[in-house]
Amino acid sequence: MSETIYVITNSDMVEELVDESCGMLETRKLVHYFIVTDNDCIDVIARASFEPKLENKL
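Residues numbered from 1 in each chain as written. Predicted model: local features only at pLDDT ≥ 70, side-chain atom pairs only at ≥ 80, totals over all residues. Heavy atoms only, no water.

Okay, the pairing of strand β3 (residues 41-47) next. Bridge analysis of strand β2 (residues 30-36) against β3 gives seven bridges, and the strand direction is antiparallel. Bridged to His32 within β3 is Ile45. Taking the residues that link successive antiparallel strands as the turn, the β2-β3 hairpin has four residues. (Pairing = 2+ DSSP bridges. Helix = DSSP H or I, 4+ residues; strand = E, 2+ residues; numbered from the N terminus.)

Taken as a whole, the protein shows an average pLDDT of 88; of its residues, 90% reach a score of 70 or greater. Per-element confidence in the protein is highest for helix α1 (residues 12-20), whose mean pLDDT is 95, and lowest for strand β1 (residues 4-8), whose mean pLDDT is 90. (pLDDT = per-residue confidence, 0-100.)

Attention now moves to the sheet that holds β3. Within a sheet, each strand pairs with its neighbour through backbone hydrogen bonds, oriented either parallel or antiparallel. Pairing is antiparallel across the open sheet formed by three strands, whose spatial order is β1-β2-β3. The sheet is open, and its two borders are formed by β1 and β3, each paired with just one other strand. Each strand of the sheet is rotated relative to its neighbour by a mean of 25 degrees, with strand direction disregarded. The strands that α1 touches are β2 and β3; relative to β2, the one it contacts most, it runs at about 135 degrees. (Axes fitted to C-alpha atoms, helices over the stretch in contact; angles between N-to-C directions. Contact = heavy atoms within 4.5 Å.)

Take unusual backbone geometry next. The phi angle at Asn10 is positive, at roughly 50 degrees, despite the residue not being glycine. Even without a glycine there, the phi angle at Cys22 is positive, about 55 degrees. By the secondary structure assignment, Cys22 is in the loop between α1 and β2. Cys22 gets classed as exposed once you look at its relative accessible area, which sits at 70%. (Buried < 20%, exposed > 50% of the residue type's maximum accessible area, 1.4 Å probe, protein only.)

Take α1 next. Think of an α-helix as turning once every 3.6 residues; residues three or four places apart then point the same way. Two or three places before Met13, at the opening of α1, Ser11 has a side-chain oxygen 3.2 Å from that residue's backbone nitrogen. Looking one or two places after α1, you find Cys22, whose phi comes out positive at around 55 degrees. (Polar contact = N/O pair within 3.5 Å; in protein donor to acceptor, adjacent residues only side chain to side chain.)

Before going further, it helps to examine a negative patch on the surface. Residues Asp12, Glu15, Glu16, Asp19 and Glu20 make up a contiguous surface patch of negative charge. Along the chain, the position of Glu15 falls in helix α1. (Patch = residues over 30% accessible without salt bridge, like charges linked within 9 Å, V, L, I, M, F, W, Y side chains within 5 Å. Areas by Shrake-Rupley, 256 points an atom, 1.4 Å probe, with all protein chains shown as cover. Salt bridge = Lys/Arg side-chain N within 4 Å of Asp/Glu carboxyl O. Lys, Arg positive; Asp, Glu negative; His and termini not counted. Charge placed at Lys NZ, Arg CZ, Asp CG, Glu CD.)

Dropping the structure here:
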C-alpha cells in the first residue's frame, strides 16, 4: 500500500475545533487532511495555505 493524503470536506473535526477556539479560528481558513500509510492513519488540521508532503524516512 502506498501513502495517501485525502482532503476531508465538511469535516466535523474542523467544526469542533473552530467552536472550541472561541472565534480565534475560521472554518474557511482550515483544511482537514487524512493521511494513510501502511502503519498509521493520521488526521491533520492545518491552515489552508499549508500543504503537507510525505517523505519516506528510513
